[in-house]
Amino acid sequence: MLRTIARPEHIALAAFVIAMTAPAAAQSPDRSARPALGPVPELSLTPPVTATLSNGLKIVVLERHQVPLVQIDVRVRAGSLHDDPARPGLATLTAEMLDEGAGGWSALALADAFEQLGARFATGAGRHMASASLRVPVGQLGPAIGLLAHVVLRPDFPAAELERLRAERLTALIRRHDDPNTIADVQFDRIVFGENHPYGRPALGTEAAIRSFDVAALRAFHERFYRPGNTTIYVTGAIAAEDAMRLLRTAFGDWSAGVTPQATPAPPAQTVRARTVYLVDKPGAVQSVIAVGHAGVPRDDPDYAALEVMNTILGGSFTSRLNQNLREDKGYAYGARSAFDYGIGAGAFSAGAAVQAQSTGPALVEFLNELEAIRQPIPQEEIDRARNYLAMRFIQGFQSVAQIGAQLAGLGEYQLPPDALTTYVDRVLAVTKADVERVARTRIDPANLAIVIVGDRATIEAQIRAVHSGPLHVLKVVDVLGPVPATGPPTD
């Protein structure tokens, strides 16, 4: 086999030719100065068309013809907010069972039919809303809407599928005992909201509740809450509004109005008094999960834009103070963040991270320091950077019909004005230094915090006590989640 050996002069000549013919754009960029920000991308949305059918069903259509896809989101006010406090989990289980058999179609037959249409379909429920979401090529929209109507209006709730989902939920409850993040979340919500508050109850349900649910309970919940006057259908994509209205009127127009349930308001959150620490012992854990916070604000709070800017500075981005402190400077964690969990009612404000066990005490100190520091004067440069970050990334939430549909549905869920999306960037850029400092002082309360730490008590208790952050309550995992569920069929 012959090998060609490059001679030095040939290599030099080739390098010279490449350097002379390379385009200017391939030259090394000037890294001596930070690149200037480009213009903020504009969000261009056609005004949605809205109609209400005679049975009370509301339909909202936003045309988007760039891609031949249509997204349909059916939103029913039937989330976990509507659960019986003594039997949580029924709302999410009912939504999950919708596509397990409907209109005489089995779960497998429904899945095959949607797949044959090239459609993606899912059901579920959150705190406020239950949903059935469909994304389908525009050419298959008619038959896909027919299947969608079967699922929403005529679920069969087959007993065999209920037993399968019941077993899955009991298994999920078992797994929660090994997940420190879940343990921390459950205890944090319980302290911030109280066990009787819908935001403080487990949406998945308790073992007793899950075992008690039967087909009759699912049917009764569906009969009560899945009503046209309690439902909005959002359509986004490559279809004319009048065509979407015609298809939906055919599929859903005969839906019996029945009695529309009254809206269930979210009660006020429980007020956290002083600083109280809850240490949940997880023997052998090499990390500690820390969650600190208190009640926050609802989504329609007039200070929403200012809170978003402030939280971006505190812990809402990679370059935030919390992440730079605990990850970049101290090396305690892979990441640290803070967030406002907005709801129809006041959600929670929380900050947290998973940190090395031996750094639990020092990490807690840094969380408390940062919550104090954000209430002090904030440099204008940080405010400008946070505003630009929010404004520049906002458009990323509108790259697909599914994302646009979710944004549109959010307007209805939180009862926001129609222009809340198109004016978001302007409102963020209009936030002033005084606005940010005011909400930091009035909405962040370091003196009154729920502090939950899940970790190895033997390693971290002395560290926590050394911080003097408040009274310390030591719990076991079963104190938070209850006993590990037994597997098997429901008991009488």
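Residues numbered from 1 in each chain as written. Predicted model: local features only at pLDDT ≥ 70, side-chain atom pairs only at ≥ 80, totals over all residues. Heavy atoms only, no water.

Asks: Quick rundown of the pairing of strand E2 (residues 58–63)? Include the residues and the values.
Replies: Along any regular strand the residues' side chains alternate between the sheet's two faces. Across 4 bridges, the pairing between strand E1 (residues 49–52) and E2 is antiparallel. In the strand pairing of E2, Val49 is matched with Val61. Following E1, the chain reverses through 5 residues before pairing antiparallel with E2; Gly56 in that reversal takes a positive phi of roughly 100 degrees. In the sheet, E2 pairs with strand E8 (residues 231–237) via 6 bridges, with the strands oriented parallel. The residue of E8 that forms the bridge with Ile59 is Ile233. (Pairing = 2+ DSSP bridges. Helix = DSSP H or I, 4+ residues; strand = E, 2+ residues; numbered from the N terminus.)

Asks: Report on the side chain of Asp301, specifying residues and quantitative values.
Replies: Take Asp301: it is sitting in the loop between strand E10 (287–295) and helix H10 (304–314). There is a polar contact of 3.1 Å between the side chain of Asp301 and the side chain of Arg443. Setting aside residues no more than four positions away along its own chain, Asp301 makes contact with Leu307 and Arg443. (Polar contact = N/O pair within 3.5 Å; in protein donor to acceptor, adjacent residues only side chain to side chain. Contact = heavy atoms within 4.5 Å.)

Asks: Just give me the short version of the packing of helix H3 (residues 107–116) against helix H4 (residues 141–153), but keep the residues and values in it.
Replies: Between H3 and H4, the shortest axis-to-axis distance is 10 Å and the interhelical angle comes to 155 degrees. Overall, the two elements H3 and H4 adopt an arrangement that is roughly antiparallel. In this structure, H3 meets H4 at a crossing whose hand is left-handed. Facing H3, whose interface residues are Leu110, Ala113 and Phe114, H4 presents Ala144, Leu147, Leu148 and Val151. (Axes fitted to C-alpha atoms, helices over the stretch in contact; angles between N-to-C directions. Parallel < 35°, antiparallel > 145°, perpendicular 65-115°, else oblique. Left-handed = near helix turned anticlockwise from the far one by under 90°.)

Asks: Account for the pairing of E10, naming residues and giving values.
Replies: Along E10, 7 of the 9 residues are buried, which leaves the element largely enclosed by surrounding structure. With 9 bridges connecting them, E10 and strand E12 (residues 348–356) associate as antiparallel partners. Bridging from a neighbouring strand, Ser288 pairs with Val355 of E12. Note that E10 and strand E13 (residues 450–455) share 5 bridges and pair antiparallel. (Buried < 20%, exposed > 50% of the residue type's maximum accessible area, 1.4 Å probe, protein only.)

Asks: Can you explain the pattern of salt bridges? Please cite residues and give values.
Replies: According to the stated counting rule, one finds 23 salt bridges in the structure shown. Here Arg227 ties to Glu223 by a salt bridge, and the two come within 2.4 Å at their closest N and O atoms. Given a relative accessible area of 11%, Arg227 falls into the buried group. Across the pair Glu381 and Arg385 runs a salt bridge whose closest N-O atoms are separated by 3.7 Å. One end of the pair, Glu381, and the other, Arg385, are both in helix H13 (residues 380–394), 4 residues apart, so they sit about a helical turn from each other. Several salt bridges share partner residues, and in doing so they unite Asp301, Asp303, Asp435, Arg438 and Arg443 into one network. (Salt bridge = Lys/Arg side-chain N within 4 Å of Asp/Glu carboxyl O.)

Asks: How would you summarise the nonpolar core if you had to cite specific residues and measurements?
Replies: By size, the foremost hydrophobic cluster in this structure holds 65 residues, and its most contacted members are Met310 and Phe367. Top element by residues in this core is H10. It accounts for 8 residues. Not counting residues up to four positions away in its chain, the partners in contact with Phe367 are Ile290, Val292, Leu322, Leu326, Ala336, Ala351, Gly352 and Ala353. With 54 residues, the next largest nonpolar core counts Leu57, Leu117, Ala132 and Ile233 among its residues. (Core = buried A, V, L, I, M, F, W, Y, C linked by side-chain atoms within 4.5 Å.)

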